[in-house]
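Spelled out, the chains give:
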Amino acid sequence: MADHTYRYLSALVSQGSFSQAARYLDISQPSLSQFIQRLEAEAGTELIDRTSRPLRLTAAGDCFLQTERRIEQIRGHVRLGVSQYRSSYFLPLVLPRFRSLFPAIDITLVEATNDALETCAADGTTDVSIVLAPVLNNELTYTALYDEKILIATAADSALAKSVPETKAEFDKLDFSRLDAEPFITLRRGQKFHRLFWNLSSRCSVSPRIVLESESPIAALMLASAGLGATFVTETLARRCPTAQPVRFFEIAPLVPPRQVVAARRKDTYLS
């Protein structure tokens, strides 16, 4: 049935006539009449008692409306908070499956930084936000989704990359202390890569030279591939994001634990 079946039938009952219902729905009366006729033909019975004033449903029509009401209640809408990076490289892996399981659920994406997405979940701007643990807002609860490894990326022909011997490991190790005075592309304040940069710089007592700050890890990787400096990337980006120029990816020493990606929502809200 068409998505507006319940709305059209409800309008006829509440307004009492085709003309009033059409005005209420902001459609033409012939369009409404033709829609109801097609609905009745499909159902194989009359749904509207046209002899009564105001109009009312037949017994079959009342049963039909109650069924449509239940279907309407099953339909839903989810406001999903996600970073630009995950909307490009995570959601394409899961949304097709979600749509096949829940075709009646509409999704609106809200894109923001990690800290802003926590705020969106807390104030109700999103129903669920895909963020990184730990979740700092006490109003939120969360479900773990997956872990992602953090790597350093730099152009394959850079002096830094060439200084690290290649082994048979998928990702060779790079000591962060070797980035002292090296050009580095960071993400802006409010993103966890930004905090990671300053944490590692302090732990290793080094001062990489910040040449650019970006809003997007995708943009940072593209800039690194062009030879502007090193940057942090996730393993997902390393495996799935094509770059204009060859890039070499390194595990970080000292060890940086994988980040846990979670689905966060308010504790006091209904989970549909």
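It should be emphasised that the depicted structure is a prediction, and the values quoted were computed from it without experimental measurement. (Residues numbered from 1 in each chain as written. Predicted model: local features only at pLDDT ≥ 70, side-chain atom pairs only at ≥ 80, totals over all residues. Heavy atoms only, no water.)

**Q** Looking at this model, I keep getting lost on the overall build of the protein. Mind explaining?
**A** What the protein contains, in helices and strands, is eleven helices and 13 strands. Relative to the globule expectation of 19 Å for 272 residues, the C-alpha radius of gyration of the protein, 28 Å, shows a markedly less compact shape. With the C-alpha coordinates aligned to their principal axes, the bounding extent of the protein is approximately 90 × 40 × 30 Å. With 272 residues in all, the protein has 43% of them scored as buried. Total accessible area on the protein is roughly 14,700 Å²; 53% of this is exposed by carbon and sulfur atoms. (Helix = DSSP H or I, 4+ residues; strand = E, 2+ residues; numbered from the N terminus. Rg over C-alpha atoms; globule rule 2.2 N^0.38 Å. Buried < 20%, exposed > 50% of the residue type's maximum accessible area, 1.4 Å probe, protein only. Areas by Shrake-Rupley, 256 points an atom, 1.4 Å probe, with all protein chains shown as cover.)

**Q** What is the right way to read the sheet that holds strand β5 (residues 128-132) from this model?
**A** Pairing between the strands of a sheet is mediated by backbone hydrogen bonds and can be parallel or antiparallel. Here we have five strands laid out as an open sheet, ordered β4-β3-β5-β13-β6, and mixed in their pairing. Two strands lie at the open edges of the sheet, namely β4 (105-111) and β6 (140-148), each paired on one side alone. Taking each pair of neighbouring strands and ignoring which way they run, the sheet shows an average axis angle of 25 degrees. Taken together, the eight bridges between β6 and strand β13 (residues 259-266) define a ladder with antiparallel strand orientation. (Pairing = 2+ DSSP bridges. Axes fitted to C-alpha atoms, helices over the stretch in contact; angles between N-to-C directions.)

**Q** Which parts of the structure should I look at to understand helix α10 (residues 217-225)?
**A** The periodicity of an α-helix, 3.6 residues per turn, causes residues three or four places apart in sequence to face the same way. Every buried residue of α10 is listed here: Pro217, Ile218, Ala220, Leu221, Ala224 and Ser225. The arc that holds every buried residue of α10, seen down its axis, measures 160 degrees, which confines them to one face. At the N-terminal boundary of α10, the capping side chain belongs to Ser216, with an oxygen 3.1 Å from the backbone nitrogen of Ile218. (Arc of directions from axis to C-beta. Polar contact = N/O pair within 3.5 Å; in protein donor to acceptor, adjacent residues only side chain to side chain.)

**Q** Would you mind going over unusual backbone geometry with me for this structure?
**A** Note that the residue after Ala133, namely Pro134, is joined by a cis bond; omega there is 0 degrees. Cis geometry is adopted by the peptide bond preceding Pro254, which originates at Ala253 and carries an omega value of 5 degrees. Within the element layout of this structure, Pro254 appears in the loop between β12 (247-253) and β13. With a phi angle near 70 degrees, Ala181 is a residue other than glycine that sits in the positive phi range.

**Q** For this particular structure, what's the right way to read the pairing of strand β10 (residues 209-214)?
**A** Regular strands place side chains that alternate from one sheet face to the opposite one. Looking at chain direction, strand β9 (residues 183-187) and β10 are connected through five bridges and run parallel. Paired with Pro183 across the strands is Arg209, a residue of β10. Between the parallel pair β9 and β10, the chain is carried across by helix α9 (residues 192-204), and the sense of this crossover is right-handed. (Right-handed = clockwise from strand over helix to strand, strands pointing away.)

**Q** Explain the pattern of salt bridges here, please?
**A** It is possible for side chains bearing opposite charge to pair when their charged atoms get close. Counted by the stated rule, this structure contains 15 salt bridges. Of the charged contacts, one joins Arg266 and Asp268 as a salt bridge, the two residues approaching to 2.8 Å between their closest N and O atoms. The network of salt bridges with common partners includes Arg86, Glu148 and Arg259. (Salt bridge = Lys/Arg side-chain N within 4 Å of Asp/Glu carboxyl O.)

**Q** Honestly, the nonpolar core in this entry has me stumped. Any pointers?
**A** In globular proteins that are soluble, nonpolar side chains generally tend to be buried together. By size, the foremost hydrophobic cluster in this structure holds 24 residues, and its most contacted members are Ile152, Phe176, Leu179, Phe232 and Ile252. Among the elements of the structure, β7 (150-155), α8 (159-162), β9, α9, α10, β11 (230-234) and β12 are those that each provide at least two residues to this core. Considering each element in turn, this core owes the most residues, five residues, to α9. Excluding residues that lie within four positions of it along the chain, Ile152 makes contacts with Leu174, Phe176, Leu179, Ala230, Thr231, Phe232, Arg248, Phe249, Phe250 and Ile252. Counting residues in hydrophobic clusters, the runner-up holds 18 residues, among them Tyr8, Leu12, Ile48 and Leu55. (Core = buried A, V, L, I, M, F, W, Y, C linked by side-chain atoms within 4.5 Å. Contact = heavy atoms within 4.5 Å.)

**Q** Which parts of the structure should I look at to understand the confidence of the model for the protein?
**A** The predicted coordinates should not be examined in detail at positions where pLDDT is low. For the protein, per-residue confidence averages 90 on the pLDDT scale, and 96% of positions sit at 70 or higher. No element of the protein has a lower mean pLDDT than helix α4 (residues 59-74), which averages 78, and none a higher one than β7, which averages 98. (pLDDT = per-residue confidence, 0-100.)

**Q** Explain the sheet that holds β12 here, please?
**A** Taken in spatial order, the six strands make up an open sheet running β8-β12-β7-β11-β9-β10, and their pairing is mixed. Bordering the open sheet on either side are β8 (172-175) and β10, each of which pairs with just one other strand. Sheet twist, expressed as the average angle between the axes of neighbouring strands with direction ignored, equals 45 degrees. Examined bridge by bridge, β7 and β12 share five bridges and lie antiparallel to one another. Opposite Leu151, over in β12, you have Glu251 as the bridge partner. α9 contacts β7, β9, β10, β11 and β12 of the sheet and is inclined by roughly 125 degrees relative to β11.

**Q** I'm lost on helix α2 (residues 18-25) in this one. Help?
**A** Those residues of α2 not exposed but buried are Phe18, Ala21, Ala22 and Leu25. One side of α2 carries all its buried residues, which in axial view fall inside an arc of 100 degrees. Of the residues in α2, the exposed ones pointing more than 90 degrees away from the buried face are Arg23 and Tyr24. On its buried face, α2 sits against α1 (5-15) and α3 (29-43). One or two positions beyond α2, positive phi appears at Asp26, with a value near 65 degrees.

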